[in-house]
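Geometric and topological summary
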Amino acid sequence: MIENWKLEDKEFNSRLMIGSALYPSPEIMAKSIKASGSQIVTVALRRQSATNLEGGNQFWEIIKELGVTVLPNTAGCHTAKEAITTAMMARELFDVNWIKLEVIGNQYNLQPDPFALVEATKVLIDEGFRVLPYMTDDLVLAQKLADLGCTTLMPWGSPIGSGRGLMNPYNLKVIRKQFPNLNLIVDAGIGKPSDAIEAMELGYDGVLLNSAVALAQEPIKMAEAFKYAIYAGRLSYEAGAMQKRDMASPSTPTVGTPFWHQFS
Amino acid sequence: MKISINGEIKEFNKDILTIKEVLDEMGYKKGIAVALNETFVLKTKYKETKIKDGDRLDILSPIQGG
């Protein structure tokens, strides 16, 4: 049994944060989120016409019915100003003061722009936000963001939607070691449940993913697979794995070995 | 006057409008957040915030996100 954990000012049991995009249908999205056991769902904001919103926003109604905590993002923003404005709009619309801060710096790999990220973080923290920055796995950047007051950092595993897993476990490990008291979430790049286990075994507090479930052949089943993987990864971290050894060491007791081994 | 709403140019017969008047005219009701010229405007300020020719209004609503 794993204990509840605190992320910012809220308490959760599941350490999986899940995205709401790219599912084959709204129904599969809702069922996948339920199957994942996740209590935190990421959402976004986009321009919408009044015609589109006639009769209400269907997507938003489904999310509300799930009874989850929403974490709005600033996806698609390319400057600090865009991200700040989007965060403020999200705070009013979703009535939450936390934001997954995303400022894209490169269109090819959607790599976050560290400079704009720091700039936007500073402004938003001054405005009373709890900022969860989506960042590269850069130790110095982590330090700058922590110095500004971030208590959660979300380094990437690999580029968004790439499913490449943890590109650089060493960097992630160093960030974990240097910031034992911050909440660290691997955000983006997770492809398989085994990637999520690896992140959790590094001591990360949680994993945020979307494509790995939404683009699986059976998203609902994959959501459940991630639920157990993250649970197992956390238990494994808490339990502490044995040290690797170069030589074999028998696991079956050698005392009382049957007689025929005496002649070998 | 002409203003840009979500990237599309719209023409209005009046010279001065408030955000609330534009939203009503366009048929927006609830579940939206608004930025005027890339700056967020609080919902409570819609009635008093005036829009002039050439302004840009962005009207956002929740969508799927990762």
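The structure this text deals with has already been given above.
Here's what I pulled together on the structure shown here. (Residues numbered from 1 in each chain as written. Chains lettered and ligands numbered in written order. Predicted model: local features only at pLDDT ≥ 70, side-chain atom pairs only at ≥ 80, totals over all residues. Heavy atoms only, no water.)

Some remarks on the layout of surface pockets
For clarity, the threshold we go by: Points on a 1 Å grid over protein atoms alone make up a cavity when a 1.4 Å probe fits among them but cannot get out, and a pocket when they form an open set with protein on both sides within 12 Å along at least five of seven lines; lining residues each have an atom within 4 Å of a point. Grid points are joined across faces, edges and corners, and a volume is the space filled by probe spheres set on the points. A run of H or I in DSSP counts as a helix once it spans at least four residues, and a run of E counts as a strand once it spans at least two, with each numbered from the N terminus. Each residue gets one label: Ala, Val, Leu, Ile, Met, Phe, Trp, Tyr, Cys and Pro are nonpolar, Asp, Glu, Lys and Arg are charged, and the others, such as Gly, are polar.
What the largest pocket holds in volume is close to 600 Å³. Taken together, the elements giving at least two residues each to the lining of the largest pocket come down to α2 (58-66) of chain A together with α1 (19-26) and β7 (56-64) of chain B. When the residues that make up the lining of the largest pocket are grouped by side-chain class, the tally is nine nonpolar, seven polar and nine charged.

Some remarks on the interface of chain B and chain A
Bring the parts together and some accessible area is lost; that lost area is often taken as the interface size. Which entries qualify depends on this criterion: Note on contacts: a residue pair qualifies if any of its non-hydrogen atoms lie within 4.5 Å across the two residues. Throughout, the accessible surface (probe 1.4 Å) given up by two parts as they are put together, summed over both, is called the buried area. One side-chain nitrogen of Lys or Arg within 4 Å of one carboxyl oxygen of Asp or Glu is enough to make a salt bridge. In protein, a polar contact means a hydrogen-donor-capable atom and an acceptor-capable atom, both N or O and within 3.5 Å, with residues adjacent in sequence counting only if both atoms are side-chain atoms; elsewhere, any N or O pair within 3.5 Å suffices. Only strands that DSSP links by at least two bridges are regarded as paired with each other.
Across the boundary between the two partners, chain B contributes 27 residues, which contact 27 residues of chain A. Summed over both sides, the interface between chain B and chain A buries roughly 2,300 Å², with carbon and sulfur atoms accounting for 61% of that surface. The three residues of chain B that bury the most area against chain A are P62, I63 and G66 of chain B, which together make up 28% of that side's buried surface. Here chain B and chain A share one salt bridge between them. Residues R47 of chain A and D58 of chain B are paired through a salt bridge, measuring 2.6 Å at the closest nitrogen-oxygen approach. Summed over the shared surface of chain B and chain A, the result is 20 residue pairs in polar contact (both at pLDDT 80 or more). Every element with two or more residues in the side of chain B that touches chain A is listed here: β4 (33-36), β5 (39-41) and β7 of chain B. Of all the elements, β7 of chain B adds the most residues to the side of chain B that touches chain A, at eight residues. Its residues assigned to classes, the side of chain B that touches chain A comprises 14 nonpolar, nine polar and four charged. Of the strand pairs in this sheet, strand β4 (residues 40-47) of chain A and β7 of chain B are connected by five bridges, and their pairing is antiparallel.

Describing unusual backbone geometry
Inclusion rule: For every residue, the accessible area obtained with a 1.4 Å probe (protein chains only) is divided by the maximum for its type, and the residue is called buried under 20%, exposed over 50%, and partly exposed between those limits.
Even without being glycine, E8 of chain A reaches a positive phi, approximately 55°. Structurally, E8 of chain A can be placed in the loop between β1 (5-7) and β2 (10-12). By relative accessible area, which is 11% here, E8 of chain A ends up buried. Phi is positive for N6 of chain B, close to 50°, though the residue is something other than glycine. By the element assignment, N6 of chain B lies in the loop between β1 (2-5) and β2 (8-11). For N6 of chain B, a relative accessible area of 14% translates into the label buried.

Describing the pattern of salt bridges
All names here are of chain A. One pass over the structure, following the stated rule, counts 20 salt bridges over all chains. In this structure, R130 engages D9 in a salt bridge whose closest nitrogen and oxygen atoms are separated by 3.8 Å. Of this pair, R130 sits in strand β7 (residues 130-135) while D9 is found in the loop between β1 and β2, placing the two residues 121 residues apart along the sequence. We classify D9 as partly exposed; its relative accessible area is 41%. A salt bridge links R176 to D205; its shortest N-O distance comes to 2.8 Å. With a gap of 29 residues between them, R176 in helix α6 (residues 169-178) and D205 in the loop between α7 (193-201) and β10 (206-209) connect regions that are remote in the sequence.

Examining the side chain of T74 of chain A
All names here are of chain A. By secondary structure assignment, the location of T74 is in the loop between β5 (69-72) and α3 (80-94). Look at T74 and you get buried, because its relative accessible area is 0%. A polar contact is formed between the side chain of T74 and the backbone nitrogen of E102, at a distance of 2.7 Å. When near neighbours in sequence (up to four residues on either side) are disregarded, T74 contacts A83, T86, A87, I99, K100, L101 and E102.

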